[in-house]
Amino acid sequence: MKTITYSIMLFILSLYPLFLKHEILSPYSLINQFTSPYSLIIIIPCAALLIYRAYVLYQTLSIQDAKKLMFASLLYMPLVLLSYLL
């Protein structure tokens, strides 16, 4: 069980620099034609919340924290996708 939660946390952390790469490091990239810098203001707190929930699950390995991570991910994806419309 500990290896599964570790891989979930590692996967979430590996996606985090992907948003920073497109929004900060390459301002003239293709993705900036579709998004605005305001989407970064929404993405960073959402990603931080998701990383926090994954870390808590990694530490406790409880079913209750697994449900919290699931609901956080269900909230995360629509918010991030809607932020690209800003």
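Residues numbered from 1 in each chain as written. Predicted model: local features only at pLDDT ≥ 70, side-chain atom pairs only at ≥ 80, totals over all residues. Heavy atoms only, no water.

## A few points about the nonpolar core
Move 1: Among the nonpolar cores identified, the biggest contains 14 residues, and Ile-12, Leu-50, Ala-54, Leu-69, Tyr-76 and Val-80 are the most heavily contacted of them.
Move 2: Of all the secondary structure elements, the ones that give two or more residues to this core are helix H1 (2-25), helix H2 (38-60) and helix H3 (63-83).
Move 3: Counting residues per element, this core draws most heavily on H2, at 7 residues.
Move 4: With near-sequence residues (within four places) excluded, Ile-12 lies in contact with Leu-50, Ile-51, Ala-54 and Leu-69. (Core = buried A, V, L, I, M, F, W, Y, C linked by side-chain atoms within 4.5 Å. Buried < 20%, exposed > 50% of the residue type's maximum accessible area, 1.4 Å probe, protein only. Helix = DSSP H or I, 4+ residues; strand = E, 2+ residues; numbered from the N terminus. Contact = heavy atoms within 4.5 Å.)

## Considerations on a nonpolar patch on the surface
Move 1: On the surface, Leu-49, Tyr-52, Leu-75 and Leu-79 cluster together into a nonpolar patch covering about 370 Å² of accessible area.
Move 2: Among the secondary structure elements, those contributing two or more residues to the nonpolar patch are H2 and H3.
Move 3: In this fold, Leu-79 is placed in helix H3. (Patch = residues over 30% accessible without salt bridge, like charges linked within 9 Å, V, L, I, M, F, W, Y side chains within 5 Å. Areas by Shrake-Rupley, 256 points an atom, 1.4 Å probe, with all protein chains shown as cover. Salt bridge = Lys/Arg side-chain N within 4 Å of Asp/Glu carboxyl O.)

## Here's the deal with the packing of H2 against H3
Move 1: It is at 9 Å that the axes of H2 and H3 come closest, and there the two elements cross at 165°. When the axes of H2 and H3 are compared, the pair comes out roughly antiparallel. Crossing handedness for the pair H2 and H3: left-handed. The residues of H3 that touch H2, namely those facing Ser-39, Ile-42, Ile-43, Cys-46, Ala-47, Leu-50, Arg-53, Ala-54, Val-56, Leu-57 and Thr-60, are Asp-65, Ala-66, Lys-68, Leu-69, Ala-72, Ser-73, Tyr-76, Leu-79, Val-80 and Ser-83.
Move 2: Looking at the contact of H2 with H3, its residues break down into 14 nonpolar, 4 polar and 3 charged. (Axes fitted to C-alpha atoms, helices over the stretch in contact; angles between N-to-C directions. Parallel < 35°, antiparallel > 145°, perpendicular 65-115°, else oblique. Left-handed = near helix turned anticlockwise from the far one by under 90°. Nonpolar A, V, L, I, M, F, W, Y, C, P; charged D, E, K, R; others polar.)

## Notes on the confidence of the model for the chain
Reading fine detail from the predicted coordinates is not recommended where pLDDT is low.
Move 1: When pLDDT is averaged along the chain, the result is 77; 74% of the residues meet or exceed 70.
Move 2: H3 holds the highest mean pLDDT among the elements of the chain, 90, whereas H1 holds the lowest, 66. (pLDDT = per-residue confidence, 0-100.)

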